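# Notes for the structure review
Okay, here's what each chain looks like letter by letter:
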Amino acid sequence: MNAPLKLTLGEGMDPAAFARLQQLAGDPLVARMPASGFSARNEDPAVARLMGEVQGLAPAARRALFAPRSDAPHLMGLSPGSVSIPTGLTNQFSMYENRDMIADDVLPVVSVDKLSGKVWGSPATTLQTIANAQLVGSRGRPNEVPYSVNADLSYNCENYGLVDFIDYQTIANADAPIEPRELSAVVVKSLLDPAREYRVAGVVFNSANYGANTTALSGANRWDQPSSDPIAEILTRKEEIFSTANTLIIGGQVWPKLRTNPKVLQYILSRSGVSNIGAVPLSVQAELFAALCEVERVVIGRAKYITSQEAGSTSAYLWGKSCALIRVEPNPNPRMTSTFGYTYRFGSKAYRNEVIPDRMPGAMGGEYLKLTHSDAEVAIGGATTGFFWDTVIS
């Protein structure tokens, strides 16, 4: 509030009365009285006397006395702000989860009991050979089968982890709905997950892991061009893969273009008038696209990351503008496993979670939340189990 206005008293003015005038000056009703012609009849004698003194002031003194002290409205009673202290909502905490993470869907986690090791297997040609199985004569002996096993593939787990410190004073002082321990766990895991997603994308969307089964689209062949036919391309390449591919992986930037491609829509709209296959869907969904491409599922990598910690940095898609068609087996089979790749994790499949108390920091000490894991992302099947398209949209 502004300090009271200091005025010079005129001769014969009562100082006490003048002080009261200063208190009453802000009242709009009092301020209007001199201007509207004040009548002392039936009025409070004290107010009548004060207003008589106001009328006796010089014009300049009267203007100074009744001039507004601020632009704020004059409040005669309590205001909402004077009877309430702002506090945080107890039923809401704003936080923004990253978009779809697909690392577990495309390179499933397999627990191992050693940090490094070999992967047993046999050449991809083993089950493609046409053997000479004809027996010569009634007493002919069957030919022996030539095959071999090897341990050419290996894995080597690298250690990854993050830690956060929470002091006990912060835990004790936190207002609802903030739970410092829970918040710390969410933040630490949410930072580990994109790091793993980034590594997995670097394996699955890497043309070097597909041998000759890769192509970079350009010009009119890109799937955001009306002349392209993505489904025909996918079905053709699917037959070039020796193992039966069952998963189509699409970058988050690609999917909106792919599902609105004119040729893709034609596959859907051409169903109109055919009564025995159900109603025409309103839009192309991932499940429908999977059926069109004859795969079990379509997974879309929508996760984003900050390209730089510098001010003004922007979000980018982790999975980019590419597409891969691979075979995924969620769990390895000790008899026969045919999959594009796995994430080998030392110990259990889950992250290792440790809470480590430390009494030294601050007045009460605190605790560290530590999340770690030891992973190796390995491409196993290569061209035998997948095909990769690079830059499928402009």
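Because the structure is a prediction, the values reported are computed rather than measured.

Within the secondary structure, Arg199 is located in helix α7 (residues 180-204). Not counting the four nearest positions on each side in its chain, Arg199 is found in contact with Tyr160, His373, Asp375 and Glu377.

This paragraph deals with the nonpolar core. Counting residues in hydrophobic clusters, the biggest one holds 28 residues, and the most contacted among them are Trp223, Leu248, Phe289, Val298 and Trp389. When residues of this core are traced back to their parent elements, those giving at least two are α8 (230-238), β6 (247-251), α9 (254-259), α10 (262-269), α11 (286-292), β7 (297-301), β10 (323-326) and β14 (386-390). The greatest single-element share of this core, amounting to four residues, is contributed by α11. Ignoring sequence-local partners within four residues, the contact set of Leu248 consists of Ile234, Phe289, Cys293, Val295, Arg297, Val298, Val299, Cys323, Ala324, Leu325 and Trp389. Within the second largest apolar cluster, 20 residues are counted, among which are Ile249, Ala303, Leu318 and Trp319.

On to the sheet that holds β10, then. Spatially, β5-β14-β10-β6-β7 is the arrangement adopted by the five strands of the open sheet, whose pairing is mixed. In the strand order of this sheet, the two ends are held by β5 (214-216) and β7, each with one partner. Direction aside, the axes of adjacent strands within the sheet are offset by 15° on average. Here β10 runs beside β14; their pairing, made up of four bridges, is antiparallel. The residue bridging Ala324 from the neighbouring strand is Phe388, located in β14. Relative to β14, α8 is tilted by about 145°, and along the sheet it contacts β5, β6, β10 and β14.

Attention shifts here to the pattern of salt bridges. Across all of its chains, the model carries twelve salt bridges by this definition. Where Asp375 meets Arg345, a salt bridge forms, and the shortest distance between an N and an O atom there is 2.7 Å. Highlighted residues: Asp375 in strand β13 (residues 366-379) and Arg345 in strand β11 (residues 341-346), separated in sequence by 30 residues. Owing to a relative accessible area of 1%, Asp375 belongs among the buried residues under this scheme. With relative accessibility at 4%, the residue Arg345 sits in the buried group.

Here the focus is the pairing of β13. Most of β13 is tucked away, with eleven of its 14 residues classed as buried. Where strand β4 (residues 158-167) and β13 come together, ten bridges link them in antiparallel fashion. Bridged to Gly161 within β13 is Thr372. Across five bridges, the pairing between β11 and β13 is antiparallel.

Within the protein, residue pLDDT values average 85, and 77% of them lie at 70 or more. Mean pLDDT across the elements of the protein bottoms out in helix α2 (residues 28-36) (57) and peaks in β10 (98). The model gives residues 1-7 a pLDDT under 50, and that stretch makes twelve contacts with residues more than four places away or in other chains.

For the coordinates displayed, the defined rule picks out eleven aromatic pairs. Ring pairing ties together the aromatic residues Phe205, Tyr210, Trp319, Phe340 and Phe388, which thus form one cluster.

What follows covers the state of the cysteines. Following the criterion strictly, the structure yields zero disulfides and no others. Just so you know, Cys323 is unpaired, no disulfide at all, and the nearest cysteine sulfur is the one on Cys293, 8.2 Å from it. Cys323 gets classed as buried once you look at its relative accessible area, which sits at 0%.

With that out of the way, let us pick up the environment of Gly366. With respect to the helices, strands and loops of the structure, Gly366 is situated in strand β13. Note: C-alpha distance between Gly366 and Ile356 (ten residues apart in sequence) is 8.6 Å. The contacts of Gly366, once residues within four sequence positions are left out, are Phe165, Ile166, Asp167, Tyr168, Ile356, Pro357 and Asp358.

What follows concerns the pairing of β6. In terms of burial, β6 is a largely internal element, five of the five residues being buried. Across the two faces of β6 the burial is the same, with Thr247, Ile249 and Gly251 and Leu248 and Ile250 all buried. Examined bridge by bridge, β6 and β7 share five bridges and lie parallel to one another. Its bridge partner lying in β7, Ile250 is registered against Ile300. As paired elements, β6 and β10 share four bridges and run antiparallel to each other.

Within the secondary structure layout, Gln92 lies in the loop between α4 (59-66) and α5 (103-106). Along the backbone, Gln92 and Pro177 are 85 residues apart, and their C-alpha atoms lie at a distance of 6.9 Å. Side chain to side chain, Gln92 and Ser94 meet in a polar contact 3.3 Å long.

What counts, and where the lines are drawn
- Residues numbered from 1 in each chain as written.
- Predicted model: local features only at pLDDT ≥ 70, side-chain atom pairs only at ≥ 80, totals over all residues.
- Heavy atoms only, no water.
- Helix = DSSP H or I, 4+ residues; strand = E, 2+ residues; numbered from the N terminus.
- Contact = heavy atoms within 4.5 Å.
- Core = buried A, V, L, I, M, F, W, Y, C linked by side-chain atoms within 4.5 Å.
- Buried < 20%, exposed > 50% of the residue type's maximum accessible area, 1.4 Å probe, protein only.
- Pairing = 2+ DSSP bridges.
- Axes fitted to C-alpha atoms, helices over the stretch in contact; angles between N-to-C directions.
- Salt bridge = Lys/Arg side-chain N within 4 Å of Asp/Glu carboxyl O.
- pLDDT = per-residue confidence, 0-100.
- Phe/Tyr/Trp six-rings, centres within 6.5 Å; stacked < 30°, edge-to-face > 60°.
- Disulfide = S-S within 2.5 Å.
- Polar contact = N/O pair within 3.5 Å; in protein donor to acceptor, adjacent residues only side chain to side chain.

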